[in-house]
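Listed here are the chains, written in short residue letters.
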Amino acid sequence: MTTRARTTTVSWSQANARRLDRQFLSGSPSPAGRPAREVTGAVAAMLGAHAQVLSAAEHSVGLRAPGTTRTDVRTALWADRSLVKTFGPRGTVHLLPAEELPMWTGALSAVPTGTNPFSKDARMTPDQVEAVVAAVAAALTGAELTIDELSDEVVARTGPWAGDLVMPAFQGMWPRWRQVLHLAGHRGALCYAPNRGRKATYTNPAAVPMPAQEATAALVRRYLRAYGPAKPVHFAQWLAAPRGWAGRLFEDLAGAGAIEEVAFESCGAAWVAAGDTRFPSTAPRGVRLLPYFDAFTIASRPRERLFPGAAYERALAGGQAGNFPVLLVDGTVAGVWHQRRSGKRIAVTVEPLSPLAGRTRELAEQVERLGEVLEGTPELTVGKVTVGGHA
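Residues numbered from 1 in each chain as written. Predicted model: local features only at pLDDT ≥ 70, side-chain atom pairs only at ≥ 80, totals over all residues. Heavy atoms only, no water.

Colleague: Describe in detail the nonpolar core, supporting the description with residues and values.
Modeller: The biggest cluster of nonpolar side chains holds 100 residues, and the ones touching the most others in it are Trp177, Leu190, Phe235, Trp238, Leu239 and Phe307. By residue number, the principal contributor to this core is helix α9 (residues 212-227), which donates 9 residues. If near-sequence neighbours (up to four positions away) are discounted, Phe307 is found in contact with Thr297, Tyr312, Ala315, Leu316, Ala321, Val326 and Val333. Counting residues in hydrophobic clusters, the runner-up holds 16 residues, among them Leu327, Ala334, Leu363 and Leu374. (Core = buried A, V, L, I, M, F, W, Y, C linked by side-chain atoms within 4.5 Å. Buried < 20%, exposed > 50% of the residue type's maximum accessible area, 1.4 Å probe, protein only. Helix = DSSP H or I, 4+ residues; strand = E, 2+ residues; numbered from the N terminus. Contact = heavy atoms within 4.5 Å.)

Colleague: Can you break down the packing of aromatic side chains residue by residue, with the values?
Modeller: Considering all chains together, one arrives at 9 aromatic pairs under this definition. For the ring pair Phe170 and Trp174, a centre distance of 6.0 Å and an interplane angle of 85 degrees mean the geometry is edge-to-face. By relative accessible area, which is 79% here, Phe170 ends up exposed. A relative accessible area of 29% places Trp174 in the partly exposed class. Centre to centre, the rings of Tyr223 and Tyr227 are 5.9 Å apart; their planes meet at 50 degrees, and the pair counts as tilted. Within this pair, Tyr223 and its partner Tyr227 are both found in helix α9, separated by 4 residues, close to a single helical turn. The ring centre of Phe279 lies 3.8 Å from the NZ or CZ of Arg18, which sits over that ring. One cation-aromatic arrangement involves Lys85 over Tyr192; the distance from NZ or CZ to the ring centre is 4.7 Å. (Phe/Tyr/Trp six-rings, centres within 6.5 Å; stacked < 30°, edge-to-face > 60°. Lys NZ or Arg CZ within 6 Å of the ring centre and 35° of its normal.)

Colleague: Report on the side chain of Arg176, specifying residues and quantitative values.
Modeller: Following the sequence through the fold, Arg176 ends up in the loop between β7 (173-175) and α8 (181-186). A relative accessible area of 9% places Arg176 in the buried class. Non-local contacts of Arg176, meaning those with residues more than four positions away in its chain, are made with Asp121, Ala122, Arg123, Met124, Trp161, Ala162, Gly163, Asp164, Val166 and Met167.

Colleague: Please set out the packing of helix α3 (residues 54-64) against helix α4 (residues 70-79) residue by residue, giving values where relevant.
Modeller: Contact pair α3 / α4: the axes reach a minimum separation of 9 Å and the direction vectors enclose 105 degrees. Classified by the angle between their axes, α3 and α4 sit roughly perpendicular to one another. The residues of α4 that touch α3, namely those facing Leu54, Glu58 and Val61, are Arg70, Val73 and Arg74. In terms of residue class, the contact of α3 with α4 is made up of 3 nonpolar, no polar and 3 charged. (Axes fitted to C-alpha atoms, helices over the stretch in contact; angles between N-to-C directions. Parallel < 35°, antiparallel > 145°, perpendicular 65-115°, else oblique. Nonpolar A, V, L, I, M, F, W, Y, C, P; charged D, E, K, R; others polar.)

Colleague: Just give me the short version of the pattern of salt bridges, but keep the residues and values in it.
Modeller: For the structure on display, the rule yields 20 salt bridges. Of the charged contacts in the structure, one is a salt bridge between Arg176 and Asp164, with a shortest N-O distance of 2.9 Å. Of the two residues, Arg176 sits in the loop between β7 and α8 while Asp164 sits in the loop between α7 (147-158) and β6 (165-168), which places them 12 residues apart along the sequence. Here Glu372 makes a salt bridge to Arg369, at a shortest N to O gap of 2.9 Å. Remark: Arg369 and Glu372 occur in helix α15 (residues 360-374); sequence separation between them is 3 residues, near one turn of the helix. Via salt bridges that share partners, Arg18, Arg22, Arg225 and Asp276 belong to a single interconnected network. (Salt bridge = Lys/Arg side-chain N within 4 Å of Asp/Glu carboxyl O.)

Colleague: Tell me what's going on with the layout of surface pockets, and back it up with residues and numbers.
Modeller: Volume-wise, the largest pocket comes out at about 1,000 Å³. Taken together, 34 residues line the largest pocket, and the ones lying closest to its centre are Thr113, Gln179, Val180, His182 and Leu183. Elements with a minimum of two residues in the lining of the largest pocket: α6 (126-140) and α8. When residues in the lining of the largest pocket are grouped by element, the largest group, 4 residues, is from α8. For the lining of the largest pocket, a count of residues per class yields 17 nonpolar, 13 polar and 4 charged. (1 Å grid on protein atoms, 1.4 Å probe; cavity = no way out; pocket = protein on both sides within 12 Å on 5 of 7 lines; lining within 4 Å. Points joined across faces, edges and corners; volume = space filled by probe spheres on them.)

Colleague: Could you give an account of empty space enclosed by the protein, naming the residues involved and the relevant values?
Modeller: Here the structure, examined in full by the defined rule, presents 3 cavities of 30 Å³ or more. Within this model, the largest cavity holds a volume of roughly 70 Å³. Considering the residues around the largest cavity, the lining is formed by 13 residues, among which Arg90, His94, Trp238, Ala295 and Ile298 are closest to the centre. Counting residues per element, the lining of the largest cavity draws most heavily on helix α12 (residues 295-299), which supplies 3 residues. Of the residues belonging to the lining of the largest cavity, the class tally is 9 nonpolar, 3 polar and 1 charged. Here the second largest cavity is characterised by a volume of approximately 50 Å³. Lining of the second largest cavity is provided by Leu20, Leu25, Arg285, Gly286, Arg288, Leu328, Val329, Asp330 and Gly331. Of the residues assigned to the lining of the second largest cavity, the class counts are 4 nonpolar, 2 polar and 3 charged.

Colleague: Which residues make up α4, and what are the values?
Modeller: Taken together, the buried positions of α4 are Asp72, Val73, Ala76 and Leu77. In an axial view of α4, the angular spread of the buried residues amounts to 130 degrees, which keeps them on one side of the axis. Immediately beyond the C-terminal end of α4, within one or two residues, lies Arg81, with a positive phi of roughly 60 degrees. (Arc of directions from axis to C-beta.)

The structure is reproduced here in structure tokens:
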């Protein structure tokens, strides 16, 4: 008679503690090393830093790379080119390690597209999509172009149809081809280049995508090591991918022995990378200030455990994480915070959901770290009371 292997059981506390460890968000800060190396390691560990607001990405990286400042992040991005600013998970702007771009482009370009959200008159045929991506890649090879310059090149290389103003924009209409801008990024044909004044520019990163099957398998394993245990639906939500596709991907990887099942508290059956079943025995400790759309708050599931009780109402926008910078106490969201910068001065206001008895010093240290990362002078206010600051 055969006996089924015993399934590992993982508590929420264990999973949360391991995610914090692997995000470099727990324990005492390590001695500062050479920031440039730590910057790429921090970004790799969180599977990309959301960079729609660059200062938030800089803060996310600085929390995970002691001694790092926003200048170090910008040096890695624009001088060393060890980081790339491009369209990442969910089609949103991220910082990604340059050396991992083949995996990212291979995996992201393999994600099936959903229902076209644009009107029938605005849509593009598959051949038109391919023509635009090829035009973008060619126009940006060896060049750094603003969006208007790139638009002129795309229209010239494809045809007037690409320039039809059919896409609703913030204060007008965008040309038809713009609907595949993020897809060009996912294909490895486009990434951001340094700003020209106040205007963003783009270039071709010359990244050759990894084969789709290899890339998606690598990304799932990386995701599970960073944020597991997780279910296929969690991966699909994080990537903005179809749930059925994610489910089949997990089935294939399980059949190949690349991932294994565990019993995860409040989630039932979930998955980790094969052999990756060791978890901390101690509960999370520490106070952290996480910025807008920090990777930890976006990817950690189940969300109601990370945002318990009143935090679910106060720190989420209709269940969506990232819209509020959050106060993390012992691994769970315990409030929100915001900052206002004027020159070098950074006014930081923290709104805890319950009194921070005995944790004020830890909070002050986090505010001090924020000032170091963003190269400013912070002043902390909790509620209406100033409890710390710097002259």
